[in-house]
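Coordinate inspection notes
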Amino acid sequence: MMLPAAAFLAVFVAWPLVQFVVNSFYRYNPIAGSPHTFVGFGNYVAAFTSSEFGNSAFRTIAYTVIVVTLEFVLGLTVALLFSGLGNRSRIFRTIFLYPLMIAPIVAGLLWRFLLIDNSGIVNQLLYEAHIISSPNQIQWLSDPSIALFSVALPDIWLTTSFITLVLFAGLQNVPGDIIEAARLDGARYPTLLFRIIVPQLRPIIAVALIVRGVDAARAFDTIVVQTNGGPQNSTNVLSLLVYNTQIANGNPGLASAMGTIYLIAMMVIAIVAVLTIWRPGSEER
């Protein structure tokens, strides 16, 4: 029964991944028709010694932290609200899930028009609310100091509902008798949240953070349609760097090395997250 799925994964996932790693040890240009030249770890040395790669890695980490932190805080807050409302939240849960149905490119274009300089709706609303002094005071997508946060907004808007859905499902499995016993002992809500509810949600939180962290770290389409890595490379994350290295610069070997480093780093971070957040086996101890 599993053979067709295994064959599909082997052909369309495993083999391209192996080929991708193998290409990282060669230097070639398929457009120019140059032959494959084995360079060993030369591409990896070039990647690690490249300031552009280091800067893009830092931006990727910053982008991921911004997105995952805000999504988790907002998602947990809304999930607790929905859990408190019970069945009365069914309509609100349905409406809250609508952004998940929107394609990332469409979301990126939408937020580009919302944040665009001089004529963006966000600045106009802030101006009419007397929060800013002029409609073009905040250059959301043109100011390098805030551009990375600005391009993160579509991602946050799109997938906060995913975190909410996962955490809400986890909240349904938190034993009510434990919470009731803590309330009878005089525990206040912050104590209930951080001492009982959140520890009970550790496996769910680990899964949600790992899935969203990996997804945010490889963000590409929403950033491309908004800034294409600008201004001044302030939003040029690793996914864009790998793409431009292979397509624009015509260096698939170096791009493969960067992507392999990228992949290994995400795997290590995911393992560390499982061991520190979930802590498998801790319940038995």
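Everything in this summary refers to the structure shown in the same document. (Residues numbered from 1 in each chain as written. Predicted model: local features only at pLDDT ≥ 70, side-chain atom pairs only at ≥ 80, totals over all residues. Heavy atoms only, no water.)

**Re the layout of surface pockets**
Formally: The pocket and cavity definitions rest on a 1 Å grid over protein atoms only: a 1.4 Å probe that fits but cannot leave marks a cavity, an open set with protein on both sides within 12 Å along at least five of seven lines marks a pocket, and residues lining either have an atom within 4 Å of a point. Grid points are joined across faces, edges and corners, and a volume is the space filled by probe spheres set on the points. Strands here mean DSSP runs of E at least two residues long; helices mean DSSP runs of H or I at least four residues long; both are numbered from the N terminus. Residues are sorted three ways: Asp, Glu, Lys and Arg are charged, Ala, Val, Leu, Ile, Met, Phe, Trp, Tyr, Cys and Pro are nonpolar, and all the rest, Gly among them, are polar.
Its boundaries defined by the atoms lining it, the largest pocket holds a volume of some 530 Å³. Around the largest pocket, the lining comprises 22 residues; the ones closest to its centre are Ile 61, Thr 64, Gly 213, Ala 217 and Ile 269. Of all the secondary structure elements, the ones that give two or more residues to the lining of the largest pocket are helix H3 (51-85), helix H10 (202-217) and helix H13 (252-278). Residues that form the lining of the largest pocket fall into these classes: 18 nonpolar, four polar and no charged.

**Some details on helix H5 (residues 104-115)**
Every α-helical turn comprises 3.6 residues, leaving residues that sit three or four positions apart pointing alike. Operational definition: Every helix has an expected span of 1.5 Å times one less than the residues it contains. With a 1.4 Å probe rolled over the protein chains alone, any residue whose accessible area is under 20% of its type maximum counts as buried; one over 50% counts as exposed, and the rest are partly exposed. An arc is given here, and it is the one of the directions from the helix axis to the C-beta atoms. Residues count as neighbours in contact if any of their non-hydrogen atoms are within 4.5 Å of one another.
With twelve residues, H5 extends 16 Å from end C-alpha to end C-alpha; this agrees with the ideal 16 Å at 1.5 Å per step. Within H5, the full set of buried residues consists of Ala 107, Gly 108, Trp 111, Leu 114 and Leu 115. All buried residues of H5 lie within an arc of 125° about the axis, which places them on one face of the element. For H5, the secondary structure elements touched by its buried residues are helix H6 (121-128), helix H7 (147-171) and helix H11 (221-226).

**Remarks on empty space enclosed by the protein**
With the rule as written, the count across this model stands at one cavity of 30 Å³ or more. The calculated volume of the largest cavity comes to roughly 50 Å³. Along its surface, the largest cavity is lined by Phe 82, Arg 93, Phe 96, Leu 97, Ser 161, Thr 164, Leu 165 and Phe 168. For the lining of the largest cavity, the elements supplying multiple residues, two or more each, are helix H4 (90-96) and H7. Broken down by element, the residue count for the lining of the largest cavity peaks at four residues, all from H7. Its residues assigned to classes, the lining of the largest cavity shows five nonpolar, two polar and one charged.

**A short note on unusual backbone geometry**
A cis amide bond links Gly 230 with the next residue in sequence, Pro 231, at an omega value of -10°. By secondary structure assignment, the location of Pro 231 is in the loop between H11 and helix H12 (238-246). Even without being glycine, His 130 reaches a positive phi, approximately 60°. Along the chain, His 130 turns up in the loop between H6 and H7. Look at His 130 and you get exposed, because its relative accessible area is 72%. The phi torsion at Asn 233 lies on the positive side, around 60°, for a residue other than glycine. Examined against the element boundaries, Asn 233 turns out to sit in the loop between H11 and H12.

**Re the pattern of salt bridges**
Filter applied, for reference: Any carboxyl oxygen of Asp or Glu that lies within 4 Å of a side-chain nitrogen of Lys or Arg is treated as forming a salt bridge with it.
Taken as a whole and assessed by the stated rule, the structure comprises four salt bridges. Close ionic contact of Glu 71 with Arg 212 constitutes a salt bridge, the shortest N to O distance being 2.7 Å. Linking Glu 71 in helix H3 with Arg 212 in helix H10, this pair joins segments that are 141 residues apart in sequence. Given a relative accessible area of 0%, Glu 71 falls into the buried group. Given the relative accessible area of 2%, Arg 212 is considered buried. Asp 215 serves as the salt-bridge partner of Arg 212, at 2.5 Å between the closest nitrogen and oxygen. One end of the pair is Arg 212 and the other is Asp 215, both in helix H10 and three residues apart, which spans about a single turn.

**Here's the deal with the packing of helix H9 (residues 189-200) against H10**
Condition: To obtain each axis, a line is fitted to C-alpha atoms, and for helices this fit is confined to the stretch in contact; angles are then taken between N-to-C directions over 0 to 180 degrees.
One can describe the packing of H9 onto H10 by two numbers: an axis separation of 5 Å at closest approach and a directional angle of 65°. Across the interface between the two elements, Val 198, Pro 199 and Gln 200 from H9 touch Arg 202, Pro 203 and Ile 205 from H10.

**Overview of a nonpolar patch on the surface**
To keep it simple, the criterion reads: For patches, a residue must show more than 30% relative accessible area and have no salt bridge; joins then use 9 Å for like charges and 5 Å for nonpolar side chains, namely Val, Leu, Ile, Met, Phe, Trp and Tyr. Residue-level accessible areas treat just the shown protein chains as cover; the underlying method is Shrake-Rupley with a 1.4 Å probe.
On the surface, Phe 8, Leu 9, Val 11, Phe 12 and Val 13 cluster together to form a nonpolar patch covering roughly 510 Å² of accessible area. Looking at the element boundaries, Phe 12 is found in helix H1 (residues 3-23). Owing to a relative accessible area of 55%, Phe 12 belongs among the exposed residues under this scheme.

**Digging into the environment of Ala 107**
Counting through the fold element by element, Ala 107 comes out in helix H5. When its relative accessible area of 0% is taken as the criterion, Ala 107 is described as buried. Remark: the alpha-carbon pair of Ala 107 and Pro 154, spanning 47 residues in sequence, is separated by 5.9 Å. In this structure, Ala 107 is in contact with Ile 102, Pro 154, Trp 157 and Leu 158, ignoring residues within four places of it in sequence.

**So, the nonpolar core**
Rules: Residues enter a nonpolar core if they are buried and are Ala, Val, Leu, Ile, Met, Phe, Trp, Tyr or Cys, with the set joined through side-chain atoms within 4.5 Å.
Judged by nonpolar contacts, the single largest core of 19 residues is most densely connected at Leu 167, Leu 171, Ile 179, Ile 197 and Leu 201. Residue assignment for this core shows that the elements contributing at least two residues are H3, H7, helix H8 (176-184), H9 and H10. The element contributing the most residues to this core is H3, with five residues. Discounting residues that sit within four places of it in the chain, Ile 179 has contacts with Val 174, Leu 192, Ile 196 and Ile 197. In terms of nonpolar packing, the next biggest core, distinct from the first, is built from 18 residues, Tyr 63, Trp 111, Leu 153 and Ile 156 among them.

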